[in-house]
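As a plain string of letters, each chain reads:
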Amino acid sequence: MEEEDESGYGSMRGLKIPTLMGVRPDGLDSKTSCSESVPSDLSPEECQELENIRRRKQELLADIQRLKDEIAEVTNEIENLGSTEERKTMQRNKQVAMGRKKFNMDPKKGIQFLIENDLLKNTCDDIAQFLYKGEGLNKTAIGDYLGERDDFNIQVLHAFVELHEFTDLNLVQALRQFLWSFRLPGEAQKIDRMMEAFAQRYCQCNPGVFQSTDTCYVLSFAIIMLNTSLHNPNVKDKPTVERFIAMNRGINDGGDLPEELLRNLYDSIKNEPFKIPEDDGNDLTHTFFNPDREGWLLKLGGGRAFDAGRVSQTTEYEQSVRDCSHCVSVKRRSNAFRCKKSGLLCSLFCTFV
């Protein structure tokens, strides 16, 4: 241990070190004057230096405390801000969910609710994006909204179709993508507008494949009917690839489509039928894309009832498709979807009459 002599110096290894008497552990002097808190034999310069050190220490401690207080205040503000934003996000999510439910019950009211609550911009592009993403939306409701004849709905339809990328896809692949994003409504005029928009977009993405959008339009319906005929268990006489090629002669602005193209489309449908997302099962699309259902499409055509699932007359089938193709491509503008033979829905129903 060190020994302190009477002069107030402690000795260690022969060295004399001044000891500070009356200094508290925190470095604060319990007395006010330099002479009372340090040995009396310190020089005035040393006493002043010690006082400067103590004063600087107190300033640093005050700065540290101030920084701690500021950090605590900022942290508290961040936590409060986070809670506020979280509450806003939760409220927004609840309103979006409510808007989706309203849309599924009534598409127009649902869109209006979302717009009024600043959850959706009242532009065709923003609404098209909302429908294209389709999160929590009923596919049938999407199809109903897109099929409306209002000018704004038609603009939304075209914006919606523009979001699909069909480049380098064959027609069957493009139809699979397109028909998965919604469900075709049951009204002929709605189907006409939607399939026409599809044909325009496909030809835009794949220039040169068809002579006109009408060709794409007619062939698209022929593919849909091929899907029904090949995969309906009640149709015993399945159309062959040769028959499919023959039925589509002359639809390319009077010319024939390449046989290889038609064979590839036929094989694609034969190997894999269209898959349509299930909703409520109460619309026309459910009938055509789920052809194994019994007793479907019992309609009145030409003054007599028919069951589409039980008709397999080859000659009439081929002739009606030729009639249908002619009706759609030549007279579609003035007699949309009406077969000149039966008066039924062109390219969908008349093949079964």
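This one's a predicted model, so the numbers in the text were calculated from it and none came from an experiment.

Criteria and cut-off values
- Residues numbered from 1 in each chain as written.
- Predicted model: local features only at pLDDT ≥ 70, side-chain atom pairs only at ≥ 80, totals over all residues.
- Heavy atoms only, no water.
- Helix = DSSP H or I, 4+ residues; strand = E, 2+ residues; numbered from the N terminus.
- Buried < 20%, exposed > 50% of the residue type's maximum accessible area, 1.4 Å probe, protein only.
- Arc of directions from axis to C-beta.
- Polar contact = N/O pair within 3.5 Å; in protein donor to acceptor, adjacent residues only side chain to side chain.
- Salt bridge = Lys/Arg side-chain N within 4 Å of Asp/Glu carboxyl O.
- pLDDT = per-residue confidence, 0-100.
- Contact = heavy atoms within 4.5 Å.
- Axes fitted to C-alpha atoms, helices over the stretch in contact; angles between N-to-C directions.
- Parallel < 35°, antiparallel > 145°, perpendicular 65-115°, else oblique.
- Nonpolar A, V, L, I, M, F, W, Y, C, P; charged D, E, K, R; others polar.
- Phe/Tyr/Trp six-rings, centres within 6.5 Å; stacked < 30°, edge-to-face > 60°.
- Lys NZ or Arg CZ within 6 Å of the ring centre and 35° of its normal.
- Disulfide = S-S within 2.5 Å.
- Left-handed = near helix turned anticlockwise from the far one by under 90°.
- Core = buried A, V, L, I, M, F, W, Y, C linked by side-chain atoms within 4.5 Å.

1. So, unusual backbone geometry
In this structure, D168 is a non-glycine residue whose phi angle is positive, near 65 degrees. Note that D168 resides in the loop between α6 (151-162) and α7 (171-180). A positive phi angle is found at D253, which is not glycine, with a value near 55 degrees. For D253, a relative accessible area of 54% corresponds to the exposed category.

2. As for the side chain of T215
Tracing the backbone shows T215 in helix α9 (residues 213-231). Given the relative accessible area of 0%, T215 is considered buried.

3. Overview of helix α4 (residues 124-133)
Every buried residue of α4 is listed here: C124, I127, A128, F130 and L131. The buried residues of α4 occupy an angular sector of 160 degrees when projected down its axis, which confines them to one face. G134 sits one or two residues past α4 and shows a positive phi near 65 degrees.

4. Quick look at α7
Of all ten residues in α7, seven are buried, a share of seventy percent or more. Along α7, the residues classified as buried are L171, V172, A174, L175, R176, F178 and L179. Structurally, the start of α7 carries an N-cap: the backbone nitrogen of V172 is 3.1 Å from a side-chain oxygen of N170.

5. Description of the pattern of salt bridges
Close approach of charged atoms lets side chains of opposite charge pair. Evaluated as defined, the whole model comprises 13 salt bridges. The residue R54 makes a salt bridge to E51 at a minimum N-O spacing of 3.7 Å. With R54 and E51 both in helix α2 (residues 44-105), this residue pair falls three residues apart, about one helical turn. A relative accessible area of 11% means that R54 is categorised as buried. Linked through salt bridges whose partners overlap, the residues forming this network are D63, R66 and E70.

6. Observations concerning the confidence of the model for the protein chain
In this model, the protein chain carries an average pLDDT of 74, and 67% of its residues clear a pLDDT of 70 or more. In this model, residues 1-36 is a region of pLDDT below 50 whose contacts with residues beyond four sequence positions or in other chains number 43 contacts. This model gives residues 280-353 a pLDDT under 50, and the stretch forms 165 contacts once residues within four places in sequence are excluded.

7. Considerations on the environment of V172
Here V172 is to be found in helix α7. You can call V172 buried: its relative accessible area is 0%. Taking the C-alpha atoms as reference points, V172 and I269, separated by 97 residues in sequence, lie 7.4 Å from one another. With sequence-adjacent residues up to four places away left out, V172 is seen in contact with I223, L265, S268, I269 and F274.

8. Brief notes about the packing of α7 against α9
In the contact formed by α7 and α9, the axes pass within 11 Å of each other and the chain directions differ by 75 degrees. The angle between the axes of α7 and α9 places the two elements in the roughly perpendicular class. Between α7 and α9, the residues in contact are L171, V172 and L175 and C216, L219, S220 and I223, respectively. Split into classes, the residues belonging to the contact of α7 with α9 amount to six nonpolar, one polar and no charged.

9. Quick look at the packing of aromatic side chains
This structure, assessed with the given rule, holds twelve aromatic pairs. Centroid distance Y202 to F210: 6.0 Å. Interplanar angle 45 degrees. Geometry classified as tilted. The residues Y202 and F210 share a single accessibility class, namely buried. Ring centres 6.1 Å apart and planes at 45 degrees place the aromatic pair F244 and Y266 in the tilted group. With F244 in helix α10 (residues 241-247) and Y266 in helix α11 (residues 259-271), this pair connects stretches of sequence that are 22 residues apart. One aromatic cluster is present, built from ring pairs that chain together Y132, F160, F166, F178, F182, F198, Y202 and F210. In this structure, K102 packs its charged tip against the face of F113, placed 5.4 Å from the ring centre.

10. Section: the state of the cysteines
Counting across every chain of the model gives zero disulfides. Of the cysteine sulfurs around C216, a residue in no disulfide, the closest is that of C203, at 4.4 Å. On the basis of relative accessibility, which here comes to 0%, the residue C216 falls in the buried class.

11. Some details on the packing of α9 against α11
For any two helices packed against each other, one specifies the crossing angle of their axes together with the interaxial distance. α11 packs onto α9 with a crossing angle of 40 degrees between their chain directions and a minimal axis gap of 9 Å. Taken together, the axes of α9 and α11 lie oblique to each other. Where α9 crosses over α11, the handedness of that crossing is right-handed. On the side of α9, the interface is formed by L219, I223, L226, N227, L230 and H231, while α11 contributes L262, L265, Y266, I269 and K270. The residue inventory of the contact of α9 with α11, partitioned by class, reads eight nonpolar, two polar and one charged.

12. A short note on the nonpolar core
In this structure, L131, L171, M195, F198, L219 and I223 are the most contacted members of the largest nonpolar core, which totals 64 residues. With ten residues, α9 is the largest single contributor of residues to this core. Look past the residues within four positions of F198 in its chain and what remains in contact with it is V161, F166, L171, A174, L175, F178, C216 and S220.

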